[in-house]
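The lines below spell out each chain.
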Number of protein chains: 2
Amino acid sequence: MASNAMFAEVAALAGDPARAGMLQALMDGRALTASELARIAGITPQTASGHLARLTTAGLLAVEQQGRHRYHRLASPAVAQMMESIMLVASPPEPARRKFTIGPRDAALRAARTCYDHLAGRLGVALADALVAGGQVELAKDGGLMTDAGVALLRQLGIDVDPMVRRSTSARGRVLCRPCLDWSERRPHLAGAVGAALCSLSLANGWIRRIDGTRAVAVTPKGERSYRELFGICGGEVAH
Amino acid sequence: MASNAMFAEVAALAGDPARAGMLQALMDGRALTASELARIAGITPQTASGHLARLTTAGLLAVEQQGRHRYHRLASPAVAQMMESIMLVASPPEPARRKFTIGPRDAALRAARTCYDHLAGRLGVALADALVAGGQVELAKDGGLMTDAGVALLRQLGIDVDPMVRRSTSARGRVLCRPCLDWSERRPHLAGAVGAALCSLSLANGWIRRIDGTRAVAVTPKGERSYRELFGICGGEVAH
DNA sequence: CAGATATTTCGGCCATTGCCGAAGCGTCTC
DNA sequence: GAGACGCTTCGGCAATGGCCGAAATATCTG
């Protein structure tokens, strides 16, 4: 069966430590150069070049040439979702996790990070919890739904909800969102169009800023204030 | 970063052709013995034993001992979702796919198969299309919603919808479902609790039956009649 | 045009690991 | 209890593939 060989090839590509590191670094949705990815993965540029070529021809990455730089990014949201689902399976169960949670970089990732186009980590989960507690969002295992109050909040924040609104038959006016099981918190955060909108809004408003070359983000003082006022999230909840 | 090593380990486990074959064979949610899996993967039992041990200690598989047989199954729905998301990335784009679509086994899988706990392939997509066309379901990229007519249909079919119904605030009475991008059709089919209920109902009513040791299913004459009468799906649509 | 930087190609070394044959250990059956 | 069957462990072979150094190519800068 040909699809089996293709499956194994894709999984094996993601299964090398160096390539896995590069793919994870690209999980924030941005495009990085080969040299940056080589440094992140801890290998020499020539080795990285080979890896990146294989990832690109397999359709996992897309490249964009700008002068002497070649910017690599994940080829599609499907790749990002694959990465997230592997992370979920790979994240060890609670008891065994304590001894792994040590490095400062790991701690920053667990506190707040971007998950391709939306927020994850303690911040992402706290945001989802706050919206559920406030009656703006309903999250189930199979899906999520913005309430009228939730849609009103999005409008108040200046988010254009029109493209998200269902207009047909009985679900008129409803906005659907997607729950995404957080691999570090093991509880759902908000994904989909609504999650992406909240994430880009947070970045645009300076509530969060990206940390160096990882996909971790830091909550700014301004962000702490806004999150507290708008959603009732207390800073300590996220800062740990 | 420890999570990186765990990630690569999981992906590498799925990235071996023999192990990938075994994992795919388990995608129908049933439990198989080591010998069966060895035969499916085309390797000797002692080699399979080693693979299965590694998959189990990594948390991808769960084993259940019954006498001298050891039944292996996917450890969790999260593993099934990981497999599905890898398949989606691994499925080649439309133009390049033609030359791979040859084997009869492959053809059967593309016609109708189970995807862990729900239906996929042309049958699964046709079912979703029919429900959307009939106004019983609304599917968006981020989620799906049963309409009143859809809930009524589920009740008529004898499906207990009570555990699925949202009871809080503004979404009172709504039933959420999950769209799942079909890796062979590249269009969404129905997953989540609703999809699982329809699949188990189809099996229980004899509308479909499993084919040998794969996760492909065949639509029975009775099934063709039922699908046509209940959902308006014409048999040729699925049989190709 | 010369030097610096980013990236790729080539060649060879070495570790990992998938594979099977042989043998050992439980479990079921007669 | 003897034999059959399912599964696992052990040992050794062979191939895959990741890695780097050296060198070539392309682009930008002065």
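Since this is a predicted model, take the numbers as computed values, not measurements. (Residues numbered from 1 in each chain as written. Chains lettered and ligands numbered in written order. Predicted model: local features only at pLDDT ≥ 70, side-chain atom pairs only at ≥ 80, totals over all residues. Heavy atoms only, no water.)

*Asks:* Report on the relation of the copies chain B and chain A, specifying residues and quantitative values.
*Replies:* Laying chain B over chain A is done by rotating through 180° and shifting 0.0 Å along the axis; what remains is an RMSD of 0.1 Å. Between the two chains, the operation in question is that of a two-fold axis. A symmetric contact is evident, with 100% of the interface residues of chain B recurring at the interface of chain A. (Least-squares fit on C-alpha atoms with pLDDT ≥ 70 in both. Contact = heavy atoms within 4.5 Å.)

*Asks:* Before we move on, could you go through the protein's contact with DNA strand D and cite the residues and values that matter?
*Replies:* Around DNA strand D, a shell composed of 20 residues is seen, among which Gln46(A), His51(A), Arg54(A), Ser35(B) and Arg70(B) lie nearest. In DNA strand D, atoms within 4 Å of the protein come 72% from sugar and phosphate. The separation between a phosphate oxygen of DNA strand D and a polar side-chain atom of His51(A) is 2.5 Å. At 3.4 Å from a base oxygen of DNA strand D is found a side-chain nitrogen or oxygen belonging to Arg68(B). (Near = heavy atom within 4 Å. Polar contact = N/O pair within 3.5 Å; in protein donor to acceptor, adjacent residues only side chain to side chain.)

*Asks:* I'd love a proper account of the sheet that holds strand β3 (residues 69–74) of chain B, names of residues and values included.
*Replies:* All names here are of chain B. Strand order in this open sheet of three strands is β1-β3-β2, and the pairing throughout is antiparallel. Two strands close off the open sheet at either side, each with one partner strand: β1 (32–33) and β2 (61–66). Pairing analysis gives two bridges linking β1 to β3, with the strands arranged antiparallel. Across the sheet, the residue bridging to Leu 32 is His 72, located in β3. (Pairing = 2+ DSSP bridges. Helix = DSSP H or I, 4+ residues; strand = E, 2+ residues; numbered from the N terminus.)

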